[in-house]
Amino acid sequence: EADIYQTPRYLVIGTGKKITLECSQTMGHDKMYWYQQDPGMELHLIHYSYGVNSTEKGDLSSESTVSRIRTEHFPLTLESARPSHTSQYLCASSEQRPSQGGTDTQYFGPGTRLTVL
Amino acid sequence: KNQVEQSPQSLIILEGKNCTLQCNYTVSPFSNLRWYKQDTGRGPVSLTIMTFSENTKSNGRYTATLDADTKQSSLHITASQLSDSASYICVVSDRGSTLGRLYFGRGTQLTVWP
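Residues numbered from 1 in each chain as written. Chains lettered and ligands numbered in written order. Predicted model: local features only at pLDDT ≥ 70, side-chain atom pairs only at ≥ 80, totals over all residues. Heavy atoms only, no water.

Q: Describe in detail the overall build of chain A, supporting the description with residues and values.
A: When helices and strands are counted, chain A shows zero helices and 11 strands. Over its C-alpha trace chain A gives a radius of gyration of 14 Å, about what one expects of a compact globule, namely 13 Å for 117 residues. Referenced to the eigenvectors of the C-alpha coordinate spread, the extents of chain A come out at roughly 45 × 30 × 25 Å. Here chain A, with 117 residues, has 48% of them falling under the buried criterion. Within chain A, contacts between residues separated by at least 24 positions form 55% of all contacts whose residues are at least 6 apart in sequence. Split by element, the accessible area of chain A, about 5,500 Å² in all, is 51% carbon and sulfur. (Helix = DSSP H or I, 4+ residues; strand = E, 2+ residues; numbered from the N terminus. Rg over C-alpha atoms; globule rule 2.2 N^0.38 Å. Buried < 20%, exposed > 50% of the residue type's maximum accessible area, 1.4 Å probe, protein only. Contact = heavy atoms within 4.5 Å. Areas by Shrake-Rupley, 256 points an atom, 1.4 Å probe, with all protein chains shown as cover.)

Below is the structure:
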């Protein structure tokens, strides 16, 4: 079981509210990621970070923002939630293992199921 | 078009039976392929990882195969258990960047009945 945590696990909120989804890991991993996943669909990378003060947008355009002030913490914020933001948000972290072809095994948190009414 | 295609989309089997899930990919250049298990309402958990030089990898009752020439992989589950009910996701990584970009399939939803 990976030591990566997400809160809240479920969130139902009204349109226009500001929300922050929390993600923390205790493995000391430099790399962290946010994915968005709709039912029956593949995961889409929306944000990633290589380390403190490093954040990048992923493949899927998202109105959310992220910050990385501490290694273990990678929160995601939506300034004004809309129904189109309803989805599952998964946080992950990794460290590079050269033996695995130079790419990382990502460890995922349990996810936050967000519903915007 | 998704560069990682999985089949079947869903599968129902009886407890104790074996099954095989398929993954075809077009990702190039290829770095490695992973199979993840995702329980309902949880994050994915890595089962196996294979680089281009490996053609089989086992993890308990799970055995993954890889044919890098035909760009196909399979995940074989032996003597299925009720706890195997989950979505199984094929993930392919390319060599294109330091990030090692990941391409996710949509998963096969496996249901094991008693």
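Q: I'd love a proper account of the packing of aromatic side chains, names of residues and values included.
A: Tallied over the entire structure, the rule returns seven aromatic pairs over all chains. Where Y62 of chain B meets Y88 of chain B, the ring centres are 6.1 Å apart and the plane angle is 45°; that geometry is what we call tilted. Note that Y62 of chain B is positioned in strand 7 (residues 62-67) and Y88 of chain B in strand 9 (residues 86-94), a separation of 26 residues in sequence. Across the pair, Y88 of chain B and Y62 of chain B agree in class, each one buried. An aromatic cluster is built from Y33, Y35 and F108 of chain A together with Y36 and F104 of chain B, whose rings are joined through pairwise contacts. The positively charged end of R68 of chain A is found above the aromatic ring belonging to F74 of chain A, 5.8 Å away from the centroid. (Phe/Tyr/Trp six-rings, centres within 6.5 Å; stacked < 30°, edge-to-face > 60°. Lys NZ or Arg CZ within 6 Å of the ring centre and 35° of its normal.)

Q: Give me the lowdown on the pattern of salt bridges, citing residues and values where you can.
A: All names here are of chain B. The full count for this structure, using the stated rule, is seven salt bridges over all chains. Here K57 and E54 are joined by a salt bridge, their closest N and O atoms 3.3 Å apart. We classify K57 as partly exposed; its relative accessible area is 26%. We classify E54 as partly exposed; its relative accessible area is 25%. R61 is paired through a salt bridge with D84; the nearest N and O atoms lie 2.8 Å apart. Of this pair, R61 sits in the loop between strand 6 (56-59) and strand 7 while D84 sits in the loop between strand 8 (72-77) and strand 9, and the two are 23 residues apart along the sequence. (Salt bridge = Lys/Arg side-chain N within 4 Å of Asp/Glu carboxyl O.)

Q: Go over the side chain of R68 of chain A, please, and point to the residues and values.
A: Residues and elements named next belong to chain A. Within the fold, R68 resides in the loop between strand 7 (65-66) and strand 8 (76-78). Despite being buried, R68 has no salt bridge partner; D30 is the closest side chain of opposite charge, sitting 5.6 Å away. Here the side chain of R68 touches H29 through a polar contact of 3.3 Å, landing on its backbone oxygen. Within polar-contact distance, the side chain of R68 engages the backbone oxygen of T71 at 2.6 Å. (Lys, Arg positive; Asp, Glu negative; His and termini not counted. Polar contact = N/O pair within 3.5 Å; in protein donor to acceptor, adjacent residues only side chain to side chain.)

Q: Quick one: what's the story with the interface of chain B and chain A, residue by residue and with numbers?
A: Taken together, the contact pairs 25 residues of chain B with 25 residues of chain A. Here chain B and chain A share an interface that buries about 2,000 Å² over both sides, 50% of which is from carbon and sulfur atoms. On the surface where chain B and chain A come into contact, there are one salt bridge. Here R106 of chain B makes a salt bridge to E42 of chain A, at a shortest N to O gap of 2.9 Å. Linking chain B to chain A there are five residue pairs in polar contact (both at pLDDT 80 or more). For the side of chain B that touches chain A, the element with the most residues is strand 4 (residues 30-38) of chain B, which contributes five residues. Its residues assigned to classes, the side of chain B that touches chain A shows seven nonpolar, 12 polar and six charged. (Buried area = accessible area lost by both parts, 1.4 Å probe. Nonpolar A, V, L, I, M, F, W, Y, C, P; charged D, E, K, R; others polar.)

Q: An account of the nonpolar core is requested, with residue identities and associated values reported.
A: Residue and element names in this part refer to chain B. Formed by 24 residues in total, the largest nonpolar core has its most connected members in V4, Y25, L33, W35, L75, Y88 and V92. Those elements that place two or more of their residues in this core are strand 3 (19-25), strand 4, strand 5 (45-51), strand 7, strand 8, strand 9 and strand 11 (108-113). Those residues in contact with Y88 that sit more than four places away from it in its chain are Q6, L21, W35, Y36, K37, L47, Y62, L75, I77, G107, T108 and L110. (Core = buried A, V, L, I, M, F, W, Y, C linked by side-chain atoms within 4.5 Å.)

Q: How would you explain the state of the cysteines if you had to name every residue and give the values?
A: Evaluated as defined, the whole model comprises two disulfides over all chains. Between the sulfur of C23 of chain A and that of C91 of chain A lies a disulfide, 1.9 Å long from S to S. Here C23 of chain A and C91 of chain A share a disulfide; its torsion about the S-S bond, -75°, makes the bridge left-handed. Note that C23 of chain A is positioned in strand 3 (residues 19-25) and C91 of chain A in strand 9 (residues 87-94), a separation of 68 residues in sequence. Like C91 of chain A, C23 of chain A is buried. A sulfur-sulfur separation of 2.0 Å characterises the disulfide bridge that pairs C23 of chain B with C90 of chain B. Taking the torsion about the S-S bond as the criterion, the C23 of chain B to C90 of chain B disulfide, at about -70°, is left-handed. Within this pair, whereas C23 of chain B is found in strand 3, its partner C90 of chain B is found in strand 9, the two being separated by 67 residues in sequence. The exposure class of C23 of chain B is buried, given its relative accessible area of 0%. (Disulfide = S-S within 2.5 Å.)

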